[in-house]
Amino acid sequence: MHVLAEEWPLLFFTLLTQLAVGAYIFFVIIRSLTSKVDSKISINVTKRGMFLVGPVMLVALIFSLFHLGDPFGAYRSLLNLGSSWLSREIVFAGLFFALWIVSYYLDRKGAWNQLVGWVNTIVGLAAIYSMASIYATSIKPAWTDINTYLAFYGTTIIFGSVASLLVILFSKEEKTESLTSVLKMIGLVGLGAIAVQLIYLPVYVAGLSVDGMAGMESASLITDTYAMSTIIRWVLSIIGIATLVFTFYRKTEPKAQFKFYYTALLFVLAGELLGRVIFYATGVSIIVG
């Protein structure tokens, strides 16, 4: 599967950023929905996950520097904030990391602030939007479609739901009835994010088929060269999330449960990684001249 060497840092930057933002958002949602009933428990079960968001985002930002011709001159990208989605992406991604530091500091002090959490949630969503807009305004028909936003936000939701579920399931804290109810909802939201993308996929491919030579070539890559890879990608992600949801409805031994958790994580990571590789591999530029 052909992906240019310079695209690998971007691939990991986008995936890791979406993992960090998605996990953070779901931790905030969990803490908000259970604040009146199990606020102490919900904070305890998500505390470790909230900490891990920072290192993941930091690694993502490091990967983003590898794509720049002059990593130490990254600050110059900020000069075009009014007209450049790249500049906005850098600002929002950096601001998300900075506000995570504030969030985690408050968390450590036992003074978690929902307002800070929701403000950073909005910043994280803005970072993903800016990231997707960079591709949506390119000269590659496969990327200049709403499918790019569905893919990037879809991965954010899928990663976020799976990460939050796993962090809580691995926690030794008591899983109350209200918390379990929220977890079931999160699993269904993850499956919903997959369903939306699958429903739109035929529309997306059909649109590419009539979008000039570059669009037709991208459509051909999706339906021919990468058809099996695309099927495998969706099967992996669906099985991963479905496995986690399955654990809520069936009582199993702890050791068996952990096997389910690890399997689910592996499948989702593999599925989303494969999906992003396909995204880059099927982007064909419009031929000029």
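In this text, all values refer to a predicted model and were calculated from it rather than measured experimentally. (Residues numbered from 1 in each chain as written. Predicted model: local features only at pLDDT ≥ 70, side-chain atom pairs only at ≥ 80, totals over all residues. Heavy atoms only, no water.)

What about the overall build of the protein?
Phase 1 of the analysis: In terms of regular secondary structure, the protein is built from nine helices and zero strands.
Phase 2 of the analysis: Helices (α) and strands (β) of the protein occur, in sequence order from the N terminus, as α-α-α-α-α-α-α-α-α.
Phase 3 of the analysis: Per-residue burial over the protein gives 49% buried out of 289 residues.
Phase 4 of the analysis: By sequence separation, contacts in the protein at least 24 residues apart represent 79% of the contacts at least 6 residues apart.
Phase 5 of the analysis: Accessible area for the protein stands at about 14,100 Å²; split by element, carbon and sulfur atoms hold 70% of it. (Helix = DSSP H or I, 4+ residues; strand = E, 2+ residues; numbered from the N terminus. Buried < 20%, exposed > 50% of the residue type's maximum accessible area, 1.4 Å probe, protein only. Contact = heavy atoms within 4.5 Å. Areas by Shrake-Rupley, 256 points an atom, 1.4 Å probe, with all protein chains shown as cover.)

Concerning the packing of helix H5 (residues 146–170) against helix H8 (residues 227–249)
Phase 1 of the analysis: Relative orientation of the contacting elements H5 and H8 amounts to 40 degrees, with a least axis distance of 11 Å. Relative to H8, H5 is oriented oblique. For the pair H5 and H8, the crossing hand works out as left-handed. Touching Ile158, Ser161, Val162, Leu165, Leu166 and Leu169 of H5 are Ile241, Leu244, Thr247 and Phe248, all from H8. (Axes fitted to C-alpha atoms, helices over the stretch in contact; angles between N-to-C directions. Parallel < 35°, antiparallel > 145°, perpendicular 65-115°, else oblique. Left-handed = near helix turned anticlockwise from the far one by under 90°.)

Section: the packing of aromatic side chains
Phase 1 of the analysis: Applying the stated criterion across every chain yields a total of 18 aromatic pairs.
Phase 2 of the analysis: Summarising the aromatic geometry, the rings of Phe51 and Tyr104 are spaced 5.4 Å apart at their centres and angled 45 degrees between planes, so their arrangement reads as tilted. With Phe51 in helix H2 (residues 35–66) and Tyr104 in helix H3 (residues 85–108), the pair connects residues that are 53 residues apart, well separated along the chain.
Phase 3 of the analysis: Of the residues examined, Phe51 reaches a relative accessible area of 35% and is grouped as partly exposed.
Phase 4 of the analysis: For Tyr104, a relative accessible area of 18% translates into the label buried.
Phase 5 of the analysis: On the basis of an interplanar angle of 45 degrees and a centroid distance of 5.5 Å, the ring pair of Phe170 and Tyr262 is categorised as tilted. (Phe/Tyr/Trp six-rings, centres within 6.5 Å; stacked < 30°, edge-to-face > 60°.)

Some words on helix H6 (residues 177–209)
Helical geometry: 3.6 residues make up each α-helical turn, so side chains three or four residues apart lie on a common side.
Phase 1 of the analysis: Its 33 residues place the ends of H6 49 Å apart at the C-alpha level, agreeing with the 48 Å of an ideal helix rising 1.5 Å per residue.
Phase 2 of the analysis: The largest bend in H6 comes to about 35 degrees, at Leu201, with the proline Pro202 one to four residues further on. (Expected span 1.5 Å × (residues − 1). Bend = angle between axes of the 7 residues up to and from the residue.)

Focus: the confidence of the model for the protein
Phase 1 of the analysis: In this model, the protein carries a mean pLDDT of 87, and residues with pLDDT of at least 70 account for 86%.
Phase 2 of the analysis: Within the protein, the element-level pLDDT minimum falls on H2, averaging 86, and the maximum on helix H4 (residues 114–136), averaging 96. (pLDDT = per-residue confidence, 0-100.)

A closer look at the pattern of salt bridges
Phase 1 of the analysis: A full pass over the atoms with the stated rule returns three salt bridges.
Phase 2 of the analysis: Taking the shortest distance from any N to any O, the salt bridge between Lys47 and Asp107 comes out at 3.9 Å. With Lys47 in helix H2 and Asp107 in helix H3, the pair connects residues that are 60 residues apart, well separated along the chain.
Phase 3 of the analysis: When its relative accessible area of 28% is taken as the criterion, Lys47 is described as partly exposed.
Phase 4 of the analysis: With relative accessibility at 2%, the residue Asp107 sits in the buried group.
Phase 5 of the analysis: Between Glu272 and Arg233 there is a salt bridge, with the nearest N and O atoms lying 2.9 Å from each other. In this pair, Glu272 sits in helix H9 (residues 254–281) while Arg233 sits in helix H8, placing the two residues 39 residues apart along the sequence. Both residues of the pair, Glu272 and Arg233, count as buried.
Phase 6 of the analysis: Via salt bridges that share partners, Arg31, Lys47 and Asp107 belong to a single interconnected network. (Salt bridge = Lys/Arg side-chain N within 4 Å of Asp/Glu carboxyl O.)

Things to note about the packing of H6 against H8
Phase 1 of the analysis: The geometry of H6 relative to H8 is characterised by a closest axis approach of 9 Å and an angle of 160 degrees between their N-to-C directions. Taken together, H6 and H8 sit at an angle that is classed as roughly antiparallel. In this structure, H6 crosses over H8, and the sense of that crossing is left-handed. Each of Leu183, Lys184, Gly187, Leu188, Gly190, Leu191, Ile194, Gln197, Leu198 and Leu201 in H6 lies in contact with H8, whose residues at this interface are Thr230, Arg233, Trp234, Ser237, Ile238, Ile241, Ala242, Val245, Phe248 and Tyr249.

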